[in-house]
Amino acid sequence: MKKFLVIGNPIEHSLSPVLHNYWIKNNDIDAIYEKRKLNENELEKLISQVREKKINGLNVTVPFKRTIIPFLDELSIEAQKTQSVNTIYLKGNKVTGHNTDIIGFETSIKKLDYNLNNKKVLILGAGGVVPSIIFALIKMKVSKITISNRTREKAENLKKLFENIELTEWGVVPNFDVIINATSLGLKKEDKINLDFSSISKNKFFYDVIYNPAETNFLKNGKKLGNIALNGKLMFIYQAFSAFKIWHGIEPDVNENVIKLLDR
Ligand code: ATR
């Protein structure tokens, strides 16, 4: 039986096992997908287990997407550019790190039939998933990317990876077509983002990376002001879809049942 794992710290709330085990069962694959909470000093040993084929694939989540990199043999172009790895597999005899958050984000937008070409995008936050979002936005040819993060230093670090992005102070809302919440504000139902959107015109696009709760106050507010709103559920599903395809060579179904698996 093949073995797959998602690693992170914390990890209790990860829904990756639910999704992958559903697809594994549906496709009659002899495998199991589990979650494991790790400390940083356990990463090296875990990667040797991938090299020895004791573990067949890994997903990586906060806070290890970057810190796992020194232990890998090879990175995909996407993982290299974003310095962020969420999917690991053995390619030949090389433990390879890839980033499927990028394609996850891109697919979620495409499914909505929204065209990002030439749009001005404001990203709130500068955490683990933001390099992947920036990579996807550049690929989709947006005209401008501005980052607003409470800790400016972290936004400045992103500028080292992507020199064309702009930075703005936390609390300042420049003109945008698309605004993306990539902060952890909203994970708790009562969380509010203290920004004033009252002067923006309608028909903007509010995107929240958070999908649980399904509708954060950020999205509620966006909708109330007459804008399009989308949560991060499809991004999550499609990053998993791409990892599944890499590991098993099969494109799993994405349908209402799969989407419902994440409603909790
Ligand atoms: P990490 O930073 O470890 O990668 P993350 O969950 O990916 O973790 O990122 C959390 C994001 O939410 C960060 O951008 C964080 O801002 P800081 O860099 O200033 O910490 C942001 N965030 C969390 N709580 C916040 C709050 N109360 N107000 C504003 N931003 C907040």
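Refer to the structure above for everything that follows.
Residues numbered from 1 in each chain as written. Predicted model: local features only at pLDDT ≥ 70, side-chain atom pairs only at ≥ 80, totals over all residues. Heavy atoms only, no water.

(A) Spatial organisation of the nonpolar core. Judged by nonpolar contacts, the single largest core of 32 residues is most densely connected at Phe105, Ile123, Ile133, Leu137, Ile147 and Ile180. Every element with two or more residues in this core is listed here: helix H4 (101-111), strand S7 (120-124), helix H5 (130-139), strand S8 (144-148), helix H6 (152-161), strand S10 (178-181) and strand S11 (205-208). Top contributing element to this core by residue count: H5, with 6 residues. Beyond its immediate chain neighbours, meaning those up to four positions away, Leu137 contacts Phe105, Leu116, Val121, Ile123, Val142, Ile145 and Ile180. (Core = buried A, V, L, I, M, F, W, Y, C linked by side-chain atoms within 4.5 Å. Buried < 20%, exposed > 50% of the residue type's maximum accessible area, 1.4 Å probe, protein only. Helix = DSSP H or I, 4+ residues; strand = E, 2+ residues; numbered from the N terminus. Contact = heavy atoms within 4.5 Å.)

(B) Up close: the site of the ligand. Surveying the vicinity of the ligand reveals the residues Gly125, Ala126, Gly127, Gly128, Asn149, Arg150, Thr151, Lys154, Trp170, Thr183, Ser184 and Leu185. Separating an oxygen atom of the ligand from a side-chain N or O atom of Asn149 is a distance of 2.7 Å. At 2.5 Å from an oxygen atom of the ligand is found a side-chain nitrogen or oxygen belonging to Thr151. Its residues assigned to classes, the shell around the ligand comprises 3 nonpolar, 7 polar and 2 charged. (Near = heavy atom within 4 Å. Polar contact = N/O pair within 3.5 Å; in protein donor to acceptor, adjacent residues only side chain to side chain. Nonpolar A, V, L, I, M, F, W, Y, C, P; charged D, E, K, R; others polar.)

(C) Fine view of the packing of aromatic side chains. Counted under the stated rule, the structure contains 13 aromatic pairs. Ring centres of Phe176 and Phe197 lie 6.3 Å apart, and the angle between their planes is 85 degrees; on these two criteria the pair is classed as edge-to-face. Of the two residues, Phe176 sits in the loop between strand S9 (166-168) and S10 while Phe197 sits in the loop between S10 and S11, which places them 21 residues apart along the sequence. Residue classification places Phe197 among the buried residues on the basis of a relative accessible area of 4%. (Phe/Tyr/Trp six-rings, centres within 6.5 Å; stacked < 30°, edge-to-face > 60°.)

(D) How the structure looks around the environment of His98. In this structure, His98 sits in strand S6 (residues 94-98). By relative accessible area, which is 15% here, His98 ends up buried. Placed 18 residues apart in sequence, His98 and Gln80 show a C-alpha to C-alpha distance of 8.3 Å. Apart from the residues within four sequence positions on either side, His98 is in contact with Ser76, Glu78, Ala79, Ser84, Val85, Asn86, Thr87, Tyr89 and Ile246. Here the side chain of His98 touches Ser76 through a polar contact of 2.6 Å, side chain to side chain.

(E) Spotlight on the pairing of strand S3 (residues 57-60). Here S3 shows no split at all, with Gly57 and Asn59 on one side and Leu58 and Val60 on the other all buried. Relative to S3, strand S1 (residues 2-8) runs parallel, the two sharing 4 bridges. Looking across to S3, one finds that Phe4 is bridged to Gly57. In this sheet, strand S5 (residues 87-91) lies alongside S3 in antiparallel orientation, the contact comprising 2 bridges. For Asn59, the partnering residue across the bridge sits in S5 and is Thr87. (Pairing = 2+ DSSP bridges.)

(F) Fine view of the environment of Asn39. By the element assignment, Asn39 lies in the loop between strand S2 (31-37) and helix H2 (43-51). Judged by its relative accessible area of 44%, Asn39 is partly exposed. With 24 residues separating them in the primary sequence, Asn39 and Pro63 have C-alpha atoms 9.7 Å apart. Discounting residues that sit within four places of it in the chain, Asn39 has contacts with Asn9 and Phe64. At 3.5 Å, the side chain of Asn39 forms a polar contact with the side chain of Asn9.

(G) Fine view of the sheet that holds strand S12 (residues 228-230). Sheet architecture is open: 6 strands sit in the order S9-S8-S7-S10-S11-S12, paired in parallel fashion. The open sheet has two edge strands with one neighbour each: S9 and S12. Along the sheet, successive strands turn relative to each other by an average axial angle of 20 degrees, direction set aside. Relative to S9, S8 runs parallel, the two sharing 3 bridges. Opposite Ser148, over in S9, you have Thr168 as the bridge partner. Helix-sheet contacts for H4 involve S10, S11 and S12, and the interaxial angle to S11 is about 140 degrees. (Axes fitted to C-alpha atoms, helices over the stretch in contact; angles between N-to-C directions.)

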